[in-house]
Amino acid sequence: MSNAHDQKDSETRYWKSTKKTTYIVVFLLVLSVTALATGLQRAWCWTHERKERSRPGKLNHATYDHSPCPAVGTSWQIELLYPLNDTSYDVGIYDIDLFDNDPSVITELRRQGRKVICYFSAGSYENWRPDADQFESSDLGNTLDGWPNERWLNISATNVRKIMLSLHDLAVAKRCEGVDPDNVDGYDNDNGLRLTEDDSVDFVNFLANATHARNMSLGLKNAGAIIPKVIGNMQWSVNEQCLAYDECDRYGAFTRVGKPVFHIEYPKGDNTNDNKPVTAAQKNLVCNNFDARNFSTVIKNMNLDNWVETC
């Protein structure tokens, strides 16, 4: 009886020790991956900062931040509804529409010392864009819920990727420093194309390679499920409504490795787009969320016009 008890006690100690060892190994592995991601990020930024400094242009090279990688906590403004007509917001980054804005707007923002991120929809077809006729019928899936003029794209299609490369070239021609490709989360929607998370991972990494080859940075737009598989190739994240969907901690993976999260909340709802401030309670809820404490948070109208409140 005593031997059986001693054996059971020995087995219990063994499994507790094994479990503890496993936790330690997993912890060290997470630390190693985090350190590697941070190191790769710094190396990429440093290399491309050198390239940017060597570019000809009219920037004040003594004061301008040439790194394509924004820092955690960088202030920002996003306006996508119309061509940018107000550059008075004193922020470090402007996120504006790639098609709608003239290169002179981007040049002026950069002359002021601001970084410019250029938005386009990488995962959806927009029927009003100048390149709409370049898509083939086989490229198109279901209509986006709530957006009747957009359809999901087959992001694995050769033609779609060819068009994406041309958009990257347009971003370079307009002197954008980064790109904000939207709708890369078709896997999480009724896309009609059987898109999977793996499809999005492959597509986002394809976009990263194209962006980095052109000396620009890339951010992951939403698509929280694929963060672990693509974060090493990203320089930042743009997130909409992680507070509303209770998933800000998921996007904290970026700030934990020194990459900013440009965070938007829409407390006014879908149908109110005015210049009135949100209530004190609404602002407090957005600005004092623990999981988003290191994010660059803005409060916006759903139509993403000029109106903005910051924390």
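It should be noted that the structure appears before, not after, this text.
What counts and how
Residues numbered from 1 in each chain as written. Predicted model: local features only at pLDDT ≥ 70, side-chain atom pairs only at ≥ 80, totals over all residues. Heavy atoms only, no water. 1 Å grid on protein atoms, 1.4 Å probe; cavity = no way out; pocket = protein on both sides within 12 Å on 5 of 7 lines; lining within 4 Å. Points joined across faces, edges and corners; volume = space filled by probe spheres on them. Helix = DSSP H or I, 4+ residues; strand = E, 2+ residues; numbered from the N terminus. Nonpolar A, V, L, I, M, F, W, Y, C, P; charged D, E, K, R; others polar. Buried < 20%, exposed > 50% of the residue type's maximum accessible area, 1.4 Å probe, protein only. Contact = heavy atoms within 4.5 Å.

### Some details on the layout of surface pockets
Empty space among the atoms becomes apparent when a probe as large as a water molecule is rolled across them.
Here is step 1 of the chain: In this structure, the largest pocket occupies an estimated 1,400 Å³ of space.
Here is step 2 of the chain: In terms of lining residues, the largest pocket is bounded by 41 residues, among which Trp147, Asp182, Asn183, Asn222 and Glu240 are the most central.
Here is step 3 of the chain: Mapped by element, the contributors of at least two residues to the lining of the largest pocket are strand 5 (140-144), strand 6 (147-153) and helix 6 (248-255).
Here is step 4 of the chain: The element contributing the most residues to the lining of the largest pocket is strand 6, with 3 residues.
Here is step 5 of the chain: For the lining of the largest pocket, the class distribution of residues is 17 nonpolar, 8 polar and 16 charged.

### What to know about the environment of leucine 81
Here is step 1 of the chain: With respect to the helices and strands, leucine 81 occurs in the loop between strand 1 (76-79) and strand 2 (93-97).
Here is step 2 of the chain: Here leucine 81 falls in the partly exposed class, since its relative accessible area comes to 43%.
Here is step 3 of the chain: Spatially, the C-alpha atoms of leucine 81 and aspartate 305 are 5.2 Å apart, while their sequence positions differ by 224 residues.
Here is step 4 of the chain: For leucine 81, the residues in contact, after removing those within four places along its chain, are Asn303, Leu304 and Asp305.

### Concerning unusual backbone geometry
Here is step 1 of the chain: In this structure, arginine 175 takes a positive phi of about 70 degrees despite not being glycine.
Here is step 2 of the chain: Along the chain, the position of arginine 175 falls in the loop between helix 3 (158-173) and strand 7 (178-182).
Here is step 3 of the chain: Of note, the phi angle at glutamine 241 is positive, near 65 degrees, even though the residue is not glycine.
Here is step 4 of the chain: Relative to the helices and strands, glutamine 241 resides in the loop between strand 9 (236-240) and helix 6.

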